Amino acid sequence: MSSDNRLIDLRDRRILVTGASSGIGEDIARLLRESGAETLLVGRNAERLDALASELDCRNLVMDITDEHQVQQTLGGLPALDGLVNCAGISILDSALTFKAEDLEQILHTNVVASAVVAREVARNMIKHQRQGAIVNVSSQAASAALQDHLGYCASKAAMDAMTRVLCLELGPHGIRVNSVNPTVTLTPMAEMAWSAPEKRDPMLAAIPLGRFAMPRDVAIPVAFLLSDAASMISGACLPIDGGYTAV
């Protein structure tokens, strides 16, 4: 298929991707470049970001998104943006009876507060430059399903989906669409190790009607679609990418 006939065409779009130095964020960045976007990579690992930026021929921004002042300073000087993928996030395993308050605060600060601050700064940029576009928050099936020992993570992703709906409401009049994608276990290298034990892997697989975990590209393609004009009337959606896990 020629590039002129691609459903996902992001040429002439400048899109910021947080959490781009590894995992799902890295694959999203790769697909956005394949789809023609000018991609700005955000992460804390300077070495990995430099290598990826060199490979993809794009710009990188080494930044700690949990530092509001640093986010404002770094993003405040950027040229016009057309989109954002909020992919940076953390998980700390914690049960309802053993979690530490500081761990819960760290999860919420990174997954919710920092993502909201980045979305705010990108939205301000887009409005200032009169650019209509899209924001995609990488949420999780954990937003709507209870997962054992994931108290903080489930709470943070539910909050992210709520944030998506509010951003949809408030940014829609400016022509900015906002959606979430909600994947199941996604087999990044780290996840492959984390879910390798049969006693942990098999019950989760049994609960997924399609019988498999997601691959990073399974998440990246819907993200690119939601950023594109092909999704021009989709906003406020929380899209399951979970093989049916939350449907049953």
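Whatever comes next refers back to the structure up there.
In this text the structure is predicted, and so the values were computed from the model without any measurement. (Residues numbered from 1 in each chain as written. Predicted model: local features only at pLDDT ≥ 70, side-chain atom pairs only at ≥ 80, totals over all residues. Heavy atoms only, no water.)

Caption draft 1: Broad picture of the pairing of strand β1 (residues 14-18). Extensive coverage of β1 is indicated by the burial of five of its five residues. Here β1 shows a buried face lined by Arg14, Leu16 and Thr18 and a second buried face lined by Ile15 and Val17. Inspection of the sheet shows β1 paired to strand β2 (residues 38-43) by five bridges, in the parallel sense. Paired with Ile15 across the strands is Thr39, a residue of β2. For the handedness criterion, the β-α-β arrangement of β1, helix α1 (residues 23-34) and β2 is classed as right-handed. Two elements, β1 and strand β4 (residues 83-86), share three bridges in a ladder whose sense is parallel. Residue pairing across strands places Leu16 opposite Leu84, the latter belonging to β4. (Buried < 20%, exposed > 50% of the residue type's maximum accessible area, 1.4 Å probe, protein only. Helix = DSSP H or I, 4+ residues; strand = E, 2+ residues; numbered from the N terminus. Pairing = 2+ DSSP bridges. Right-handed = clockwise from strand over helix to strand, strands pointing away.)

Caption draft 2: Representation of helix α5 (residues 151-171). The end-to-end C-alpha separation of α5 is 30 Å, in line with the 30 Å expected for 21 residues at 1.5 Å each. Looking at α5, one finds that the buried residues are Gly152, Tyr153, Cys154, Ser156, Lys157, Met160, Asp161, Met163, Thr164, Leu167 and Leu171. Residues of α5 that are buried in the fold lie against α4 (101-128), β5 (133-138), β6 (176-183) and β7 (238-241). (Expected span 1.5 Å × (residues − 1). Contact = heavy atoms within 4.5 Å.)

Caption draft 3: Summary view of the packing of helix α3 (residues 68-76) against α4. As a packed pair, α3 and α4 sit with axes 10 Å apart at the nearest point and diverge in direction by 25 degrees. Comparing the axis directions of α3 and α4 gives the class roughly parallel. For α3 against α4, the interelement crossing comes out right-handed. On α4, the residues that touch Glu68, Val71, Gln72 and Leu75 of α3 are Val117, Val118, Arg120, Glu121, Val122 and Arg124. Residue composition of the contact of α3 with α4, grouped by class: five nonpolar, one polar and four charged. (Axes fitted to C-alpha atoms, helices over the stretch in contact; angles between N-to-C directions. Parallel < 35°, antiparallel > 145°, perpendicular 65-115°, else oblique. Left-handed = near helix turned anticlockwise from the far one by under 90°. Nonpolar A, V, L, I, M, F, W, Y, C, P; charged D, E, K, R; others polar.)

Caption draft 4: View of the packing of aromatic side chains. Counting across every chain of the model gives one aromatic pair. Stacked on the ring of Trp195, the Lys or Arg Lys200 has its end atom at 4.7 Å from the ring centre. (Phe/Tyr/Trp six-rings, centres within 6.5 Å; stacked < 30°, edge-to-face > 60°. Lys NZ or Arg CZ within 6 Å of the ring centre and 35° of its normal.)

Everything listed here is a matter of geometry and, on its own, says nothing about what the molecule does.
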